[in-house]
Amino acid sequence: MINTQDVLETISMIRQENLDIRTITMGISLWDCVSEDTDRLCQRIYDKITKKAEHLVETGAGIEKKYGIPIVNKRVSVTPVSLIGGAATPEGYLKIAHTLQRAADEVGINFIGGFSALVQKGMTPGARNMIEVIPEALAQTRNVCSSVNVASTKAGINMDAIAMMGKAIKRAAYLTKDQNSIGCAKLVVFSNVPEDNPFMAGAFCGIGEPDVAINVGVSGPGVVASAIKRAGDCNLSELADVIKKTAFKITRVGQLVASEAAQALDVPFGIIDLSLAPTPAVGDSVAYILEEMGLESCGAHGTTAALAMLNDAVKKGGVMASSHVGGLSGAFIPVSEDAGMIAAVERGALSIEKLEAMTAVCSVGLDMIAIPGDTPEEVIDGIIADEIAIGVVNTKTTAVRVIPAYGKTVGDSVDFGGLLGRAPIMDLKSYSPAKFIRRGGRIPAPIQSLKN
Amino acid sequence: MKAVITVTGKDTVGIIADVANVCAKYNANILDITQSVLGEYFAMIMLADIKGLNIEFSVFVDLLTELGENRGLVIHTMHEDIFNTMHHI
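## Here we look at the pattern of salt bridges
Residue and element names in this part refer to chain A.
Stage number 1. Tallied over the entire structure, the rule returns 24 salt bridges over all chains.
Stage number 2. Across the pair Asp39 and Lys95 runs a salt bridge, and its minimum N-O distance is 2.9 Å. Placement of the pair is Asp39 in helix H2 (residues 38–52) and Lys95 in helix H5 (residues 90–107), with a sequence separation of 56 residues.
Stage number 3. With relative accessibility at 41%, the residue Lys95 sits in the partly exposed group.
Stage number 4. Of the charged contacts in the structure, one is a salt bridge between Asp105 and Arg142, with a shortest N-O distance of 2.8 Å. Taken together, the residues Asp105 in helix H5 and Arg142 in the loop between helix H7 (134–140) and strand S4 (144–152) connect sequence positions 37 residues apart.
Stage number 5. In this structure Asp105 comes out as partly exposed when scored by relative accessible area, which is 42%.
Stage number 6. The exposed category is assigned to Arg142, whose relative accessible area is 53%.

Laid out in structure tokens, this is it:
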């Protein structure tokens, strides 16, 4: 029997504490679209996406109505384009990006991910051609997202690829300078990239994935923050339990929505991603959770420990609530998308170095961080290399999504609007890593024993 | 298949009647009502069987939301599964 208290708690989570399903992402394999003729490839890609995802948006809307819970995004992720593009020329890859945009427009989704390459060990000519046109692809499309995996714990770090990414990020910033360099917000550089991630900009449908699958990303930082507030003056063992219980409830809703969507679309259920994904809305912030745990400001000494506990408790609670967990699964700490993070940066409490330390204990990396527009590309390469090294050595996913906002400097901020939010420009070290970066080559895979 | 209808807002005459009318019109069978008035505020949770609903559930949800808006109330109509899933193992 339904209990009054449970009904009120659920409604309050959704209405007051911003509980939502962040995304239903349909992974679509494009392997069967492969053709040596780029036009035929593009036609097959368009046909497959528009057929498989034809009812995705209306199905999502129906579930929203049925359970009274917002499903913020309906998205599609596809097989990394560099793999199915094969021998395509750079122009051919650009054509594929436009095809993805046309397909996204046709089915009404708000992002399509998979303009991606996996180059952790080396680069095929196809991957090189695709990476070369990433800036143009991002500037000429609205909803296409791109990601490049440049390292893994087993392969080491491809520094040549990182150098290409620094260049690509700078160029994407320039080509979208009239829109606050928004191109960079759709581009992520990864280490140990997951193949079933439903979150953008890093989503793609990995090579071991089925033909089509439904992956769901839940959210709910506001719900966790409120639960911690209600818990009052308890110790950290008790607090971890409060977080676990809340994460369980949040994830159960994700599981319900995922099963329902999979059934309605007659597509297998893939995974639930347990990430705590913030939004710029007041109260829907991971930084506020850390502050509710007892830090004066996010960024204070103690932040990494608090985040480590939060991230672990969210996973422990979520794992039992879902039949399959995957994707990124952890707390996100994007600066621009989190009102508490923005405030912490603006009051001088949170620096990029502290953010980097935080990424060692949580998902997923240096995310949505605006940096001065005149940052040299080698410095961006250095930021990427540092962050990727944390992932490679710790056998976890890390990523970098920085925006060198064209024409902006420390003290300015850039506003992307919507879920992408507003980012104050962060200060960087001015010393150059150029000589180190220009050496190129690969940093060997790290030893997996002697762990100190 | 059951729906949970929650109604909150300033108490006035005929709230339950209006909600019950919509349920009756579209063949939703009311199974249970919990209701209280705190000061001038009204709060009600209604459980209704929607097996025999003669319109789409999403339209039924919209009609109740609209009724709430017209009367200055907040009405949420949700399938019971969300509560069962969230609060029961």
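## Some points on a nonpolar patch on the surface
Stage number 1. A surface patch of nonpolar side chains, amounting to about 340 Å² of accessible area, comprises Trp31, Val34, Leu83 and Ile207 of chain A.
Stage number 2. Looking at the element boundaries, Ile207 of chain A is found in the loop between strand S6 (187–191) and strand S7 (212–218).

## Notes on the domain arrangement of chain A
Residue and element names in this part refer to chain A.
Stage number 1. What the domain assignment lists for chain A is domain 1 (27–58 + 67–191) and domain 2 (215–441).
Stage number 2. Contact residues are listed per partner, giving 35 residues for domain 1 and 42 residues for domain 2.
Stage number 3. Interface area for domain 1 against domain 2, summed over the two sides, is near 3100 Å², with a carbon-plus-sulfur share of 68%.
Stage number 4. Considering only the surface of domain 1 that becomes buried against domain 2, Met159, Lys170 and Asn180 emerge as the three largest contributors, covering 19% of it.

## Points about the interface of chain B and chain A
Stage number 1. Each partner contributes to the interface: chain B provides 24 residues, whereas chain A provides 24 residues.
Stage number 2. Across the interface of chain B and chain A, roughly 2200 Å² is buried in total on both sides, 74% from carbon and sulfur atoms.
Stage number 3. The largest per-residue losses of area from chain B upon contact with chain A belong to Ile82, Met86 and His87 of chain B, which jointly make up 28% of the total buried on that side.
Stage number 4. Applying the counting criterion to the chain B and chain A interface returns one salt bridge.
Stage number 5. The shortest N-O distance in the salt bridge between Lys65 of chain A and Asp62 of chain B comes to 3.0 Å.
Stage number 6. Linking chain B with chain A are seven residue pairs in polar contact (both at pLDDT 80 or more).
Stage number 7. Only strand S1 (2–10), strand S2 (29–38), strand S3 (41–49), helix H2 (57–71), strand S4 (73–79) and helix H3 (81–87) of chain B provide two or more residues apiece to the side of chain B that touches chain A.
Stage number 8. Here the side of chain B that touches chain A gets seven residues from one element, more than from any other, and that element is H3 of chain B.
Stage number 9. Residues that form the side of chain B that touches chain A fall into these classes: ten nonpolar, ten polar and four charged.

The rules behind the values
Residues numbered from 1 in each chain as written. Chains lettered and ligands numbered in written order. Predicted model: local features only at pLDDT ≥ 70, side-chain atom pairs only at ≥ 80, totals over all residues. Heavy atoms only, no water. Salt bridge = Lys/Arg side-chain N within 4 Å of Asp/Glu carboxyl O. Helix = DSSP H or I, 4+ residues; strand = E, 2+ residues; numbered from the N terminus. Buried < 20%, exposed > 50% of the residue type's maximum accessible area, 1.4 Å probe, protein only. Patch = residues over 30% accessible without salt bridge, like charges linked within 9 Å, V, L, I, M, F, W, Y side chains within 5 Å. Areas by Shrake-Rupley, 256 points an atom, 1.4 Å probe, with all protein chains shown as cover. Domains from an automatic or database assignment. Contact = heavy atoms within 4.5 Å. Buried area = accessible area lost by both parts, 1.4 Å probe. Polar contact = N/O pair within 3.5 Å; in protein donor to acceptor, adjacent residues only side chain to side chain. Nonpolar A, V, L, I, M, F, W, Y, C, P; charged D, E, K, R; others polar.

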